[in-house]
Amino acid sequence: MSKILSMQLSNKSTKPVFTTITPANKQIKCLFDTGADMPVWCGSEGLLKIVFPKVELMNKKFLLGGFGRKAEIVDVYKIPEFIIKNEEDILTFQNLYIASSFDRNFGCDLILSATMFSHMDYSILNRMGNSSRLRIEYDRDVYYTQMILNQQRTGVVERIYSFASETEETMNDNI
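Conventions and cut-offs
Residues numbered from 1 in each chain as written. Predicted model: local features only at pLDDT ≥ 70, side-chain atom pairs only at ≥ 80, totals over all residues. Heavy atoms only, no water. Helix = DSSP H or I, 4+ residues; strand = E, 2+ residues; numbered from the N terminus. Rg over C-alpha atoms; globule rule 2.2 N^0.38 Å. Buried < 20%, exposed > 50% of the residue type's maximum accessible area, 1.4 Å probe, protein only. Contact = heavy atoms within 4.5 Å. Areas by Shrake-Rupley, 256 points an atom, 1.4 Å probe, with all protein chains shown as cover. Lys, Arg positive; Asp, Glu negative; His and termini not counted. Charge placed at Lys NZ, Arg CZ, Asp CG, Glu CD. Pairing = 2+ DSSP bridges. Axes fitted to C-alpha atoms, helices over the stretch in contact; angles between N-to-C directions.

### Focus on the overall build of the protein chain
Looking only at helices and strands, the protein chain features one helix and twelve strands. If you list the helices and strands of the protein chain from N to C, you get β-β-β-β-α-β-β-β-β-β-β-β-β. For a compact globule of 175 residues, the expected C-alpha radius of gyration is about 16 Å, and the protein chain comes in at 16 Å, within 12% of that figure. C-alpha extents for the protein chain along the principal axes are approximately 50 × 35 × 30 Å. Across the 175 residues that make up the protein chain, the buried fraction comes to 42%. Of all intrachain contacts in the protein chain linking residues separated by at least 6 positions in sequence, the fraction that spans at least 24 positions is 60%. Within the structure as shown, the protein chain displays about 9,800 Å² of accessible surface, and the carbon and sulfur contribution to it stands at 44%. Charge separation in the protein chain, taken as the distance between the mean sites of 20 positive and 21 negative side-chain charges, equals 7 Å.

Printed below as a string of structure tokens:
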């Protein structure tokens, strides 16, 4: 049975930015980015460790581009549990891998990549009166993410993918 999570978007941004609560009961602002292959933390390193106290630095790197600068190699972290939550509903990602680009001023703390939502439907509802909403339709309460490594450069993450079972899905050429 499908579930629908509806998040109010900030009226202070022209981009789809919403606020969610972390498992540590802290608020963060997230940008929903359909062009991103990898979630990116843009807040400070200190804030990352406060809002996700169990975050782990991985022994992987990510080539981050698309921020108006030349591409840079950044660290990859794993957030053991990331949630998107409103008053009634919750969507959970276990082992969310993120690239780090500390202290960027993008009006959000975390950029969420479209690759996180590949098993869900999503849309932006703009004709809702005075505020827009992000609508996510999903089938499971918990999704998992995994890294896809670069074929030539081991230790470098290409992107993440999500899956809906506790055991990692077999990767194929369509991922």
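What follows continues from the structure just given.
### Comments concerning the sheet that holds strand β10 (residues 133–138)
Read across the sheet, three strands follow the order β1-β10-β9 without closing on themselves; strand pairing throughout is antiparallel. Only two strands of the sheet have a single neighbouring strand rather than two, namely β1 (3–8) and β9 (121–125). Each strand of the sheet is rotated relative to its neighbour by a mean of 20 degrees, with strand direction disregarded.

### What to know about unusual backbone geometry
Backbone geometry at N95 places phi at a positive 55 degrees, although glycine is not the residue there. Of note, N95 is situated in strand β7 (residues 90–100). We classify N95 as partly exposed; its relative accessible area is 28%. Its identity as a non-glycine residue notwithstanding, D103 has a phi of 65 degrees, on the positive side. Mapping D103 onto the fold places it in the loop between β7 and β8 (110–113).

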